[in-house]
Amino acid sequence: MEEVDVEPVITNIPAASHGKHLGFAWGPGDILLFETLYKASGSAGSGCAFIHEVRKDEDIYSPILRKLFNESHHIFVGLQTIREDLPSKNKKPQFVSISKNYRSVIRACMEELQQVAVSTKDAQVAMQYGNQVSILLAIELIWNLCEVLFIDAAPAGSLLLHLLDWVRLHKADVDEKARDVLQSESPAEHHDYWDVVMSYVLQGRLDEARQMLMKQANLQPANYFTRGLISPGGNQTLTEFDVKWRHWHEEVDRCLQDSSSPILVGDEDTLLAHKDLLSTWYHFLVTRLLFCHPTVKPTELHYYAQSCLTMFLDSRSVPEPLDSILLAAFEFDIHQVIKDCSIALNNWWFVAHLTDLLDHCKLLQSHNLHFGSNLREFLLLEYASGLFTHHSLWQLAVDYFDNCPEFGRVYLELQIERVPLDTERKALKVLRICEQRQMSEQVRSICKVMAMRALRNNRLGSALSWSIRAKDAAFATLISERFLQDYCARGTFSDLDLIDNLGPAMLLSDRLTFLGKYREFHKLYGEKRFGEAAKLLLSLMTAKIAPRSFWMTLLTDALPLLEQKEVGRYNVLRIVFHPINNIDEDLELTKVELLRLALARNLAMAIVKEGTVET
């Protein structure tokens, strides 16, 4: 039987009046809400002037947390490069190292948030950053435990040592208290002195507890403090350690049988009497294991975890989401950990990266979702989709989509079209991503958008460049027409560098070919290569690629060639007479008649000259 989904969190819209009908529009990462004129009775009411944006992930807009996203992206990309064919024993140290890298990034962001929260004078900002610190603390706590239990997979014996490090790392207030005590004039009389001693003992730091006890002038630590707590490790076997530990435990028990605080023998009531120093049930768990069951096996953890949670919490208390997540980890229920974290946390960063790492450790291979994708890919897709709503983090999301073999490309194709092309530089970034992945449809779409925008702003060169890149013949034809109209109006071409270097791109459309060749004609004329210019002009006319509206301009260009000696008049007249009989009637008849007279005279002279044999 499937679990029923939890009730969604209610988000209050401050300016929305009670009883009003709300309209909404879904976005890729948020929702737009607004009051409508609709009433239940069907009559129109007064509307509201505000539109409210409801974001599902506010963290991506935090400048400090953006560092978390950027740094973890580099770690993620590096993780994907680990070869699948390497033996597991060779990959395990790499996975543990990568896990620690993720945690160090979390810690760095947490410390920076803490500094800002303390230094700011804005109470609301301080509270916001304080909440983010609390979330990151919980995330790092869960990740560290998963690293110990799943990634490093510590066996019995060394497992306890890892759990002790885990507790010490996340219960660091004792070190701050110890510094205050030692820096005081009389440490033994400091009000936190005995709290520090007891805290050291509860964390298994008996050497430090002994050093602190020596601050008492007339007190020598007992023999069991001098010897210190025997801990598993070194070259001894688990059996050898167990024998030594039992001997030590009996000696401590004998020394403390008249004591009112037999902590070292793991008396549960005594441990629970120091709840204020333990502060959490999982600290109580590790302390209890330290003094009662130091050789605990991974498979036994869930029993002790459940009993410690029950003993530590008040009978009327309800476990927090963090408690349930940690308990699921101690039960080695990876999928429940991921599910509970997905519900409890406000973004997908944690579950996406942790699941990806666990998947590389081959711990999630058997878990596929009913709707086609595996768990790793589903979470990465959700996380990357959220990044695409941000104005700069969308670039990181591309690598996440690239590493989702089943649906990553489909998601990328859909999301990349939603990126606002605010500037040409940004458009080129998006275009480069699409071209590298042979996303031809998206390339054409982006180029068309940018070409149309440039055309609206009368930037013909940019518009032509984008249309060529899109291989859009129709649009290239339209822009070429604009270039020619511009030339007719001003007598010069704009963006000469682009037109002069069209190369094979001019073959995209007849009109673009004409534009390029016509510009080439002007260059030849300017270089006084009149014979070549005349031949090119003739080919343009006979090829019938010149627009009819441009024929009068071509005729005007041809007339000066009649006076050049190296150009045969007859050839030029072939150019001129070819279109003159087909000129539209709406052109100025006066110009046409003047052209006819001039051409008739030049034709007669050409016939006479070229038909005369020189002696």
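Predicted model, so just to flag it, every value in this text is computed and none were measured.

Let us look at the overall build of the protein chain. If you tally the helices and strands in the protein chain, you get 29 helices and three strands. The proportion of buried residues among the 615 residues of the protein chain is 45%. Taking contacts inside the protein chain between residues at least 6 apart in sequence as the whole, the part at least 24 apart equals 60%. A total accessible area of about 33,200 Å² is found for the protein chain, and carbon and sulfur atoms account for 52% of it.

Turning next to the pattern of salt bridges. One pass over the structure, following the stated rule, counts 15 salt bridges. In this structure, the salt-bridge partner of glutamate 140 is arginine 107, at a minimum N-O distance of 3.3 Å. Linking glutamate 140 in helix H3 (residues 123-151) with arginine 107 in helix H2 (residues 88-119), this pair joins segments that are 33 residues apart in sequence. Judged by its relative accessible area of 1%, glutamate 140 is buried.

With that settled, consider the environment of alanine 138. Among the secondary structure elements, alanine 138 is positioned in helix H3. For alanine 138 and histidine 170, which are 32 residues apart along the polypeptide, the C-alpha to C-alpha distance reads 9.5 Å.

Below, the discussion takes up the nonpolar core. The nonpolar side chains of a soluble globular protein tend to be buried with one another. The biggest cluster of nonpolar side chains holds 154 residues, and the ones touching the most others in it are Leu163, Trp166, Trp281, Phe330, Trp349 and Phe350. When neighbours within four sequence positions are excluded, phenylalanine 330 is seen to be in contact with Leu145, Leu149, Leu163, Trp166, Trp281, Leu285, Leu301, His302 and Ala305.

For the rest of this paragraph, the subject is unusual backbone geometry. Within the chain, phenylalanine 332 stands out as a residue other than glycine whose phi angle is a positive 60°. Mapping phenylalanine 332 onto the fold places it in the loop between helix H14 (321-330) and helix H15 (334-344). Of note in this structure, lysine 471 is not a glycine but carries a positive phi near 55°. Owing to a relative accessible area of 66%, lysine 471 belongs among the exposed residues under this scheme.

Overall, the coordinates contain 18 aromatic pairs when judged by the stated rule. Their ring planes at 55° and their centres at 6.3 Å tell us that phenylalanine 69 and tyrosine 383 sit as a pair that is tilted. Pair noted here: phenylalanine 69 is in helix H1 (residues 63-79) and tyrosine 383 is in helix H17 (residues 375-387), with a separation of 314 residues, a long-range link. With centroids separated by 5.7 Å and ring planes inclined at 25°, the aromatic side chains of phenylalanine 388 and phenylalanine 401 adopt a geometry described as stacked. Highlighted residues: phenylalanine 388 in the loop between H17 and helix H18 (394-402) and phenylalanine 401 in helix H18, separated in sequence by 13 residues. Grouped by ring-pair contacts, the aromatic residues Phe69, Phe76, Tyr383 and Tyr400 constitute a single cluster.

What follows covers the state of the cysteines. Taken as a whole and judged by the stated rule, the model has zero disulfides. This cysteine, cysteine 146, is not joined by any disulfide, and cysteine 341 carries the nearest cysteine sulfur, 7.0 Å off. Cysteine cysteine 447 is unpaired, with the sulfur of cysteine 434 as its nearest cysteine sulfur at 9.1 Å. Owing to a relative accessible area of 0%, cysteine 447 belongs among the buried residues under this scheme.

The next point concerns the packing of helix H13 (residues 301-312) against H14. Here H13 crosses H14 at 155°, and the two axes come no closer than 8 Å. As the angle between them shows, H13 and H14 are arranged roughly antiparallel. Contact residues: Leu301, His302, Ala305, Gln306 and Leu309 in H13; Asp323, Leu327 and Phe330 in H14.

Further remarks concern the confidence of the model for the protein chain. Here the protein chain shows a mean pLDDT of 77. Residues at 70 or above account for 70%. Across residues 224-230, confidence stays below pLDDT 50; counting only partners more than four residues off in sequence or on other chains, it has 25 contacts.

Quick look at a nonpolar patch on the surface now. Taken together, the side chains of Leu32, Phe34 and Ile51 present a nonpolar region at the surface, about 260 Å² in accessible area. For leucine 32, the position within the fold is in strand S2 (residues 30-35).

In this structure, leucine 277 sits in helix H11 (residues 275-278). The spacing of leucine 277 and tyrosine 200 is 77 residues in sequence and 10.0 Å in space, taken between C-alpha atoms. With residues up to four places along the chain from it excluded, the contact list for leucine 277 reads Lys171, Asp195, Met198, Ser199, Leu202 and His283.

Reading guide: rules and limits
- Residues numbered from 1 in each chain as written.
- Predicted model: local features only at pLDDT ≥ 70, side-chain atom pairs only at ≥ 80, totals over all residues.
- Heavy atoms only, no water.
- Helix = DSSP H or I, 4+ residues; strand = E, 2+ residues; numbered from the N terminus.
- Buried < 20%, exposed > 50% of the residue type's maximum accessible area, 1.4 Å probe, protein only.
- Contact = heavy atoms within 4.5 Å.
- Areas by Shrake-Rupley, 256 points an atom, 1.4 Å probe, with all protein chains shown as cover.
- Salt bridge = Lys/Arg side-chain N within 4 Å of Asp/Glu carboxyl O.
- Core = buried A, V, L, I, M, F, W, Y, C linked by side-chain atoms within 4.5 Å.
- Phe/Tyr/Trp six-rings, centres within 6.5 Å; stacked < 30°, edge-to-face > 60°.
- Disulfide = S-S within 2.5 Å.
- Axes fitted to C-alpha atoms, helices over the stretch in contact; angles between N-to-C directions.
- Parallel < 35°, antiparallel > 145°, perpendicular 65-115°, else oblique.
- pLDDT = per-residue confidence, 0-100.
- Patch = residues over 30% accessible without salt bridge, like charges linked within 9 Å, V, L, I, M, F, W, Y side chains within 5 Å.

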